[in-house]
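Overview (structure and organization)
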Amino acid sequence: NHPAVMRLPALVAGVLLIPTVFEATRRLYSPASGLYAAALVAVSVPLAEYAVSARGYSFIALFFALLVILAHDLKTRSSWRSWAAYGLVAALGLYTVPIMVYPLGAVSLWLLASIWLENTGSTRWTITRDMMIALTLAALRTLTLYVPIILSNGVGALVDNPFVQPLSAAEFRATIT
């Protein structure tokens, strides 16, 4: 129960983010682009802070990069193993920090648009079906992971953060102007 031990997984995820971003960028663009992206990740102050804060954000970045790699592969070659990996990474991300829904949504919408633009006929529908199954199973896995917390502490432990309160419309407008 020491702070260094509690922060170690976030640090490991932050370090793993460097080669994962390299691989994602290499697949999407080129090896040179991958090297530049990995170098930027390696010297990024916010990402370094995430990697030592133990709040889960370095995991979210890592899971996002892994989803990009998997989505790129699924665009060209749909397989049940890749869809299972996509769903597992999604579930782990959603369990780590629920805001993973945003990067998951972005990658999933990009993948869906790619599927519909690059395929025709029954192939389009088959891959879309496989994607929906993978995302449904990811949601069920995430819910399963949250069940012990819900049973022992109630749903409030997940949704009632006393430090996060909604602003009135007037307060919101004042903060963005």
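Heads up: these notes are all about the structure in this document. (Residues numbered from 1 in each chain as written. Predicted model: local features only at pLDDT ≥ 70, side-chain atom pairs only at ≥ 80, totals over all residues. Heavy atoms only, no water.)

**Concerning the layout of surface pockets**
Let me state the cut-off plainly: Cavities and pockets are found on a 1 Å grid laid over the protein atoms alone: a cavity is a set of points where a 1.4 Å probe fits but cannot escape, a pocket is an open set with protein on both sides within 12 Å along at least five of seven lines, and a lining residue has an atom within 4 Å of such a point. Grid points are joined across faces, edges and corners, and a volume is the space filled by probe spheres set on the points. Put simply, DSSP H or I for four residues or longer makes a helix, DSSP E for two residues or longer makes a strand, and each gets a number counted from the N terminus. All residues other than Ala, Val, Leu, Ile, Met, Phe, Trp, Tyr, Cys, Pro, Asp, Glu, Lys and Arg, Gly among them, are scored as polar; the first ten of these are nonpolar and the last four charged.
As a volume, the largest pocket reaches approximately 470 Å³. Lining the largest pocket are Arg55, Tyr57, Thr96, Val97, Pro98, Tyr146, Ala157, Leu158, Val159, Asp160, Asn161 and Val164. In terms of residue count, the dominant contributor to the lining of the largest pocket is helix H8 (residues 156–159) (three residues). Here the residues of the lining of the largest pocket are counted per class, giving eight nonpolar, two polar and two charged. Quantified by volume, the second largest pocket comes out at close to 160 Å³.

**Topic: the nonpolar core**
Among soluble globular proteins, nonpolar side chains are generally buried collectively. Test applied: Put simply, buried Ala, Val, Leu, Ile, Met, Phe, Trp, Tyr and Cys residues joined by side-chain atoms within 4.5 Å make one nonpolar core. Exposure categories follow from relative accessible area, calculated using a 1.4 Å probe and restricted to protein chains: below 20% of the type maximum is buried, above 50% is exposed, and the middle band is partly exposed. Any two residues whose heavy atoms approach within 4.5 Å at even a single point are treated as in contact.
Of all hydrophobic cores here, the largest spans 25 residues; its most connected members are Leu67, Trp83, Tyr86, Met100, Leu104, Val107 and Leu111. With eight residues, helix H4 (residues 57–76) is the single largest residue contributor to this core. The residues touching tyrosine 86, leaving out its near neighbours within four places in the chain, are Leu67, Leu70, Ala71, Leu74, Leu104, Val107, Ser108, Leu111 and Leu135. Counting residues in hydrophobic clusters, the runner-up holds eight residues, among them Ala13, Leu17, Val41 and Leu62.

**Regarding the pattern of salt bridges**
Under the convention used in this document: Any Lys or Arg side-chain nitrogen located within 4 Å of an Asp or Glu carboxyl oxygen qualifies as a salt bridge.
Applying the stated rule across the entire model yields five salt bridges. A salt bridge links aspartate 73 to arginine 27; its shortest N-O distance comes to 2.6 Å. Here the residue aspartate 73 occupies a position in helix H4, and arginine 27 occupies one in helix H1 (residues 3–28), the gap between them amounting to 46 residues. Among the residues examined, arginine 27 registers a relative accessible area of 28% and is labelled partly exposed. Salt-bridge contacts for aspartate 130 lead to arginine 129; the nearest nitrogen and oxygen are separated by 2.9 Å. Using a relative accessible area of 46% as the deciding quantity, one classes arginine 129 as partly exposed. Shared partners join several salt bridges into a network, and the residues in it are Glu23, Arg26, Arg27 and Asp73.

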